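# Chain and residue survey
Okay, here's what each chain looks like letter by letter:
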Amino acid sequence: MDAIKSDDIIKSLLAEKCKTLEDQLNGEVMLIRAPMAPGLDDVIRTEVENLATPTGRREQLVVVLETSGGSVEVVERISDVFRHHFSSVIFVIPSFAYSAGTVLSLSGDEIYMDYYSVLGPIDPQIMNRDGRWVPGLGYLEKYNDLVSKSRNGAITPAELEFFIRKFDPAELFLLEQAKKHSADLIEKWLCKYKFKDWDIRESTQCAVTEDYKKERASRIAALLGDATEWNSHGRGIPLRVLESDRVGLQIKNFGENPGLSNAIREYYDLFVDYCGKTGVEIATHTKHRLFGLGG
């Protein structure tokens, strides 16, 4: 009985902190803490439809996101759901959003991070024949390295055996397609949403053309998808690097606003603590409902 009462109290606190963040950012808030795996898109559709139904709701969706990545096809469906119901979508990254989560973040009109937040390299994953999610960039990079050695006659017998035994042509094709799909989505979404109000280049005060937006979006997609640039699927790319000339993204630093920072951290930290104590591994939350699996 006490456990049930305690659970109700925490859920009430979560709803309260969710509404506080809604007031801070003037939008309907959804927190997602889950891998971008098949089935999540169905959950998101249901929760967003519930969030978008009430009269008097705001036209902006605020997505507080934590994810290790996953399927870019799932990400595309989730973004389509968001845009069907809301005219503006912003992402808040309190901790991390890797790989496919980074792709999803780049579909937003704005991204909010602080010094501790990280995005990740665009490293699409597929489920292999053993039922494991395989990060693509390292796999493709090693394949290309062994092909190059083979062409130059420098491949060793051990490497040749490894090449024959480990590399599945079907998996390679899927990973190559996922990498291209990710880059195409980033280019499209950056130009359509993130860059939509970008009219003047700060450095030169020249007008920003549609061709320039496409070139910048393409460069960002290529850089984030370069395995040799980042070396690891799980390497975090912090705000200072994302905003530097090296990448060139404009990010809103919520750490510069103490009230907003407190609202984000209190909501997110309470939710993470709740998931940890209940064993929930896949979870979403809005002011109306908490959905969780794994506990």
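Notes on the structure in this doc start here.

### Describing the overall build of the protein
- Scanning the protein from terminus to terminus reveals 11 helices and 12 strands.
- Sorting the 295 residues of the protein into buried and exposed places 48% on the buried side.
- Of all intrachain contacts in the protein linking residues separated by at least 6 positions in sequence, the fraction that spans at least 24 positions is 69%.
- Total accessible area on the protein is roughly 14600 Å²; 50% of this is exposed by carbon and sulfur atoms.

### Concerning the side chain of S182
- With respect to the helices, strands and loops of the structure, S182 is situated in helix α7 (residues 169–194).
- Look at S182 and you get buried, because its relative accessible area is 2%.
- Once residues lying within four places of it in the same chain are set aside, the contact partners of S182 are V72, V103, I122 and P124.

### Some points on the sheet that holds strand β5 (residues 110–113)
- Within the open sheet, the 7 strands sit side by side as β10-β5-β3-β2-β1-β11-β12. Their pairing is mixed. Taken across any chain shown, the strands that pair with only one partner, and hence form the sheet edges, are β10 (252–253) and β12 (290–293).
- Strand direction decides the pairing type here: strand β11 (residues 282–285) and β12, joined by 4 bridges, are antiparallel. Within β12, the position partnered with T284 by the bridge is F291.
- On the sheet, helix α11 (residues 258–278) packs against β1 (28–33), β2 (60–66), β3 (88–92), β5, β11 and β12 and is oriented at approximately 40° with respect to β1.

### Comments concerning the layout of surface pockets
- In this structure, the largest pocket encloses a volume near 600 Å³.
- Surrounding the largest pocket, 23 residues form its lining, W198, E202, R216, G248 and Q250 being those nearest its centre.
- Sorting the residues of the lining of the largest pocket by element identifies α7 and α8 (210–224) as the ones contributing at least two each.
- Top contributing element to the lining of the largest pocket by residue count: α8, with 3 residues.

### Description of the pairing of β3
- With 5 of 5 residues buried, β3 is to be regarded as a mostly interior element.
- Where β2 and β3 come together, 5 bridges link them in parallel fashion. The residue of β3 that forms the bridge with V63 is F91.
- This β-α-β element, β2 to helix α3 (residues 72–85) to β3, shows right-handed connectivity.
- With 3 bridges joining them, β3 and β5 adopt parallel strand pairing. When the bridges of β5 are listed, I90 appears paired with E110.

### Focus: α8
- Between its first and last C-alpha atoms α8 spans 21 Å; for 15 residues at 1.5 Å apiece the expected length is 21 Å, and the two agree.
- Within the span of α8, buried status applies to Y212, K213, R216, A217, I220, A221, L223 and L224.

### Description of the packing of helix α2 (residues 40–52) against α3
- It is the contact of α2 with α3, at a shortest axis distance of 9 Å, that shows an interaxial angle of 10°. Considering their axes alone, α2 and α3 lie roughly parallel with respect to each other. In this structure, α2 contributes L40, D41, D42, I44, R45, V48, E49 and A52 to the contact, and α3 contributes V74, R77, I78, V81, F82 and H85.
- Taken together, the residues of the contact of α2 with α3 break down into 8 nonpolar, 1 polar and 5 charged.

### Some words on the sheet that holds strand β6 (residues 118–119)
- Taking strand neighbours across the sheet as the criterion, the 3 strands line up as β4-β6-β9 in an open arrangement whose pairing is mixed. Since the sheet does not close on itself, it has two edges, and those belong to β4 (96–97) and β9 (237–238), each with one partner.
- Where β4 meets β6, 2 bridges bridge the pair, whose relative direction is parallel. The partner of A97 across the bridge, within β6, is L119.

### A closer look at the environment of S107
- The topology assignment puts S107 in the loop between α4 (100–105) and β5.
- Owing to a relative accessible area of 2%, S107 belongs among the buried residues under this scheme.
- Spatially, the C-alpha atoms of S107 and E76 are 9.1 Å apart, while their sequence positions differ by 31 residues.
- Residues within four places of S107 in sequence aside, it is in contact with S79, R83, F91, W189 and Y193.
- Here the side chain of S107 touches L104 through a polar contact of 2.6 Å, landing on its backbone oxygen.

About the cut-offs
Residues numbered from 1 in each chain as written. Predicted model: local features only at pLDDT ≥ 70, side-chain atom pairs only at ≥ 80, totals over all residues. Heavy atoms only, no water. Helix = DSSP H or I, 4+ residues; strand = E, 2+ residues; numbered from the N terminus. Buried < 20%, exposed > 50% of the residue type's maximum accessible area, 1.4 Å probe, protein only. Contact = heavy atoms within 4.5 Å. Areas by Shrake-Rupley, 256 points an atom, 1.4 Å probe, with all protein chains shown as cover. Pairing = 2+ DSSP bridges. Axes fitted to C-alpha atoms, helices over the stretch in contact; angles between N-to-C directions. 1 Å grid on protein atoms, 1.4 Å probe; cavity = no way out; pocket = protein on both sides within 12 Å on 5 of 7 lines; lining within 4 Å. Points joined across faces, edges and corners; volume = space filled by probe spheres on them. Right-handed = clockwise from strand over helix to strand, strands pointing away. Expected span 1.5 Å × (residues − 1). Parallel < 35°, antiparallel > 145°, perpendicular 65-115°, else oblique. Nonpolar A, V, L, I, M, F, W, Y, C, P; charged D, E, K, R; others polar. Polar contact = N/O pair within 3.5 Å; in protein donor to acceptor, adjacent residues only side chain to side chain.

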